[in-house]
4 protein chains.
Amino acid sequence: MITIDLISRTPLYLQIINRIEYLIARGILQDGSQLPSVRSLAMELSINPNTIQRAYNELESKGIVNSLPGRGSFIVATPTVLFSIKKQSIQSELAAIIRKAKLLGIGKNELIDFCTQIFDQQPKEVEVK
Amino acid sequence: MITIDLISRTPLYLQIINRIEYLIARGILQDGSQLPSVRSLAMELSINPNTIQRAYNELESKGIVNSLPGRGSFIVATPTVLFSIKKQSIQSELAAIIRKAKLLGIGKNELIDFCTQIFDQQPKEVEVK
Amino acid sequence: MITIDLISRTPLYLQIINRIEYLIARGILQDGSQLPSVRSLAMELSINPNTIQRAYNELESKGIVNSLPGRGSFIVATPTVLFSIKKQSIQSELAAIIRKAKLLGIGKNELIDFCTQIFDQQPKEVEVK
Amino acid sequence: MITIDLISRTPLYLQIINRIEYLIARGILQDGSQLPSVRSLAMELSINPNTIQRAYNELESKGIVNSLPGRGSFIVATPTVLFSIKKQSIQSELAAIIRKAKLLGIGKNELIDFCTQIFDQQPKEVEVK
DNA sequence: GTGGTCTAGACCACG
DNA sequence: GTGGTCTAGACCACC
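Conventions adopted
- Starting afresh in each chain, residues are numbered from 1 along the sequence in its written order.
- For this description, chains carry letters from A and ligands carry numbers from 1, given in the order in which they are written.
- A pLDDT threshold of at least 70 governs which residues receive local features in this predicted model, and a stricter bar of 80 or more applies before side-chain atom pairs are shown or counted, although totals over entire chains, interfaces and linings include all residues.
- A run of H or I in DSSP counts as a helix once it spans at least four residues, and a run of E counts as a strand once it spans at least two, with each numbered from the N terminus.
- Exposure is read from a count of other C-beta atoms within 10 Å of each residue's own; the residue is exposed at 12 or fewer, buried at 20 or more and partly exposed in between. C-beta atoms are placed from the backbone.
- Two residues qualify as being in contact provided that their C-beta atoms, derived from the backbone, are within 7 Å of each other.
- Pairing between strands is defined by DSSP: at least two bridges between the two strands are required.
- A molecule or strand has a residue near it when that residue's C-beta atom, placed from backbone coordinates, lies within 6 Å of it.
- Three classes are used, and their members are as follows: Ala, Val, Leu, Ile, Met, Phe, Trp, Tyr, Cys and Pro are nonpolar, Asp, Glu, Lys and Arg are charged, and the others, Gly among them, are polar.
- When the copies are superposed, the least-squares fit draws on C-alpha atoms of residues that have pLDDT of at least 70 in both.
- Note on geometry: axes are lines fitted to C-alpha atoms, helical ones only across the stretch in contact, with angles between N-to-C directions running from 0 to 180 degrees.
- Angle categories: roughly parallel below 35 degrees, roughly antiparallel above 145, roughly perpendicular from 65 to 115, and oblique for all the rest.
- What makes a crossing left-handed is the near helix being turned counterclockwise from the far one by less than a right angle; a clockwise turn instead makes it right-handed.
- Helix span is expected to be 1.5 Å times the residue number reduced by one.

**Student:** Residue-level account of the overall build of chain A, with values.
**Tutor:** The secondary structure content of chain A amounts to 5 helices and 2 strands. Secondary structure of chain A in N-to-C order comes out as α-α-α-β-β-α-α. Considered along the principal axes of its C-alpha atoms, chain A spans approximately 55 × 30 × 25 Å. Within chain A, the fraction of its 129 residues that count as buried is 26%. Expressed as a percentage of contacts within chain A between residues at least 6 apart in sequence, the contacts between residues at least 24 apart total 54%.

**Student:** Just give me the short version of the pairing of strand E2 (residues 72-75) of chain A, but keep the residues and values in it.
**Tutor:** Residues and elements named next belong to chain A. What you see with E2 is a clean split: Ser73 and Ile75 sit on the buried side and Gly72 and Phe74 on the side with no burial. Two strands pair when backbone bridges link them, and strand E1 (residues 65-68) and E2 are joined in this way by 4 bridges, in the antiparallel orientation. Paired with Val65 across the bridge in E2 is Ile75.

**Student:** So what's going on with the protein's contact with DNA strand E? Which residues, and what values?
**Tutor:** Around DNA strand E, 30 residues are found, and the nearest of them are Pro11, Asn48 and Gly70 of chain B together with Ser37 and Ser67 of chain C. Mapped by element, the contributors of at least two residues to the surface near DNA strand E are helix H1 (12-25) and helix H3 (49-61) of chain B, helix H2 (38-45), helix H3 (49-61) and strand E2 (72-75) of chain C together with helix H1 (12-25) and helix H3 (49-61) of chain D. Considering every element that reaches the surface near DNA strand E, the biggest residue donor is H3 of chain C, with 4 residues. Among the residues making up the surface near DNA strand E, the classes are represented as 12 nonpolar, 16 polar and 2 charged.

**Student:** Explain the interface of chain C and chain D to me, using residue names and the numbers behind them.
**Tutor:** Size of an interface, as often reported, equals the accessible area lost when the parts are brought together. Contacts between the two partners involve 29 residues from chain C and, on the opposite side, 29 residues from chain D. Elements with a contribution of two residues or more to the side of chain C that touches chain D: helix H1 (12-25), helix H4 (79-104) and helix H5 (108-121) of chain C. Residues that form the side of chain C that touches chain D fall into these classes: 19 nonpolar, 3 polar and 7 charged.

**Student:** Just give me the short version of the relation of the copies chain C and chain D, but keep the residues and values in it.
**Tutor:** Overlaying chain C with chain D gives an RMSD of 0.6 Å, the required rotation being 180 degrees about an axis along which the chain moves by 0.2 Å. On this basis, the relationship between the two copies can be described by a two-fold rotation axis. Scanning chain C for the C-alpha nearest the rotation axis identifies Ile112 of chain C, at a separation of 3.3 Å. Both copies share a contact surface, since 100% of the interface residues of chain C are interface residues in chain D too.

**Student:** If you had to explain the protein's contact with DNA strand F to someone new, which residues and values would you point to?
**Tutor:** Around DNA strand F, 30 residues are found, and the nearest of them are Ser37 and Ser67 of chain B together with Pro11, Asn48 and Gly70 of chain C. If you list the elements that add at least two residues to the surface near DNA strand F, you get helix H1 (12-25) and helix H3 (49-61) of chain A, helix H2 (38-45), H3 and strand E2 (72-75) of chain B together with H1 and H3 of chain C. Considering each element in turn, the surface near DNA strand F owes the most residues, 4 residues, to H3 of chain B. Taken together, the residues of the surface near DNA strand F sort by class into 12 nonpolar, 16 polar and 2 charged.

**Student:** Provide a residue-level description of the environment of Glu44 of chain C, including the pertinent values.
**Tutor:** All names here are of chain C. Structurally, Glu44 can be placed in helix H2. The partly exposed category is assigned to Glu44, around which 13 C-beta atoms lie within 10 Å. For the pair formed by Glu44 and Ile2, sequence separation is 42 residues and the distance between their alpha carbons is 9.3 Å.

**Student:** So what's going on with the packing of H1 of chain A against H3 of chain A? Residues and values would help.
**Tutor:** All names here are of chain A. The geometry of H1 relative to H3 is characterised by a closest axis approach of 8 Å and an angle of 50 degrees between their N-to-C directions. Compared by their axis directions, H1 and H3 come out oblique. Between H1 and H3 lies a crossing of right-handed hand. Contacts between H1 and H3 involve Leu12, Tyr13, Ile16, Ile17 and Ile20 on the former and, on the latter, Thr51, Ile52, Arg54, Ala55, Glu58 and Leu59. Class assignment for the residues of the contact of H1 with H3 results in 8 nonpolar, 1 polar and 2 charged.

**Student:** Tell me about H3 of chain D, and name the residues and values.
**Tutor:** All names here are of chain D. Given a rise of 1.5 Å per residue, 13 residues ought to cover 18 Å, and the 18 Å separating the end C-alpha atoms of H3 matches this to within 8%. In this structure, the buried residues of H3 make contact with H1, helix H2 (38-45), strand E1 (65-68) and strand E2 (72-75). At the C-terminal side of H3, Gly63 shows a positive phi close to 80 degrees.

The structure is reproduced here in structure tokens:
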């Protein structure tokens, strides 16, 4: 369920976070679900347990996961909550890049056309990087 | 003319590259213009000459600048050329983020509205990061 | 495997680049192979880690190497790809020198004889400079 | 007669040397001809007199020019002598590049074909860089 | 441990 | 003065 891309430039802990958030947003990981243990997931993915630990820690500090020492880590966010969190981060990223585009002198219409094109061209399911 | 933000997480050498590319795109630095010398710019920005050197080197390997030992560094790219280079990179960044938005389940109309809003909200002149 | 010549006038970082490209072209460093770490290679060659870092950076910007922070640097180019890159650069160098020879008034036959002689005289394995 | 290319990466003093040697080889500057004075040539080319001085010095140490303090600089090499000097330097450059080609695994026939092609493609008169 | 960025300071060739 | 290379040593994020 949780997969990573060892070749990708994206840090492994971020790939894990993105993947878990994606699974929540899609309703695959539900509120209250238990995440795999740090050690078992590390084994499964053949990476360092510290990396998993970091991903879980960041998810906890975002309020998406609840780690109970000795018992495991559990999802505490509904897709709705998760959605608004993610949406905000995407908004800020999008704002940054649109700022760049404006600096370049790209007009609004050109930008919109562009977004439409990209949106339509994307395949329906893509691995989160 | 060339400014940096010491607080930004963007590496200084990248800020300098972005700034120079921006000035070329805007037609402020013209084809054939001489850039400030490595040492003088380092002094002006109060940073290490090596950092400027690195920025100029990368601009040279991108074919935007011509560095002549003992003579100075000169712009060799027209705004048009520069524009197409930058546009391509913005396109790929935009594609990546729109991919993310789709994964979240954001619809096309919502995305477009979003871009329009952001585009209109942006102040006219913003520091390149 | 990777060696340098401290006496040569060729910059160390270029010697390292050439050497690695040579090892790829020969199939000794294969697609996916991990390069020695920046620090370990620096230690082995008794030079500064920054010099190795620079070589790896340039190889990455050429698309020959993939550097993943915290994980290492990996070959991503096949010998075939590398071969065509190198061949092109050799072609242009050769063109430049043949142009000079023509300016001197050296005839085609003389040039060809010359190349043949040099080709046959070369020892089979020489250090890349 | 003596021209330079301010954009070229070749050092100015080398361009001047190459140009003078070319003019001798072609018989345009004859044995005993007086070269323009350092200052007048510097003025004419709008470059630093030191650069001309350096070029003349190197030509003198090669035995091609004789500089008589207070009187000027004179050609002392015949085209024949010059030819053999240049031929040697071209030989060593050619040897270096053929060595590289061999390292890449380029065969003798391929090399020869290549040289022939380049030789035939070259325009008859090209500026020495 | 890994790569990436930056500073400080030195030396070189070129003008 | 100019750009180019290299060393030494520091700090960062990531694994």
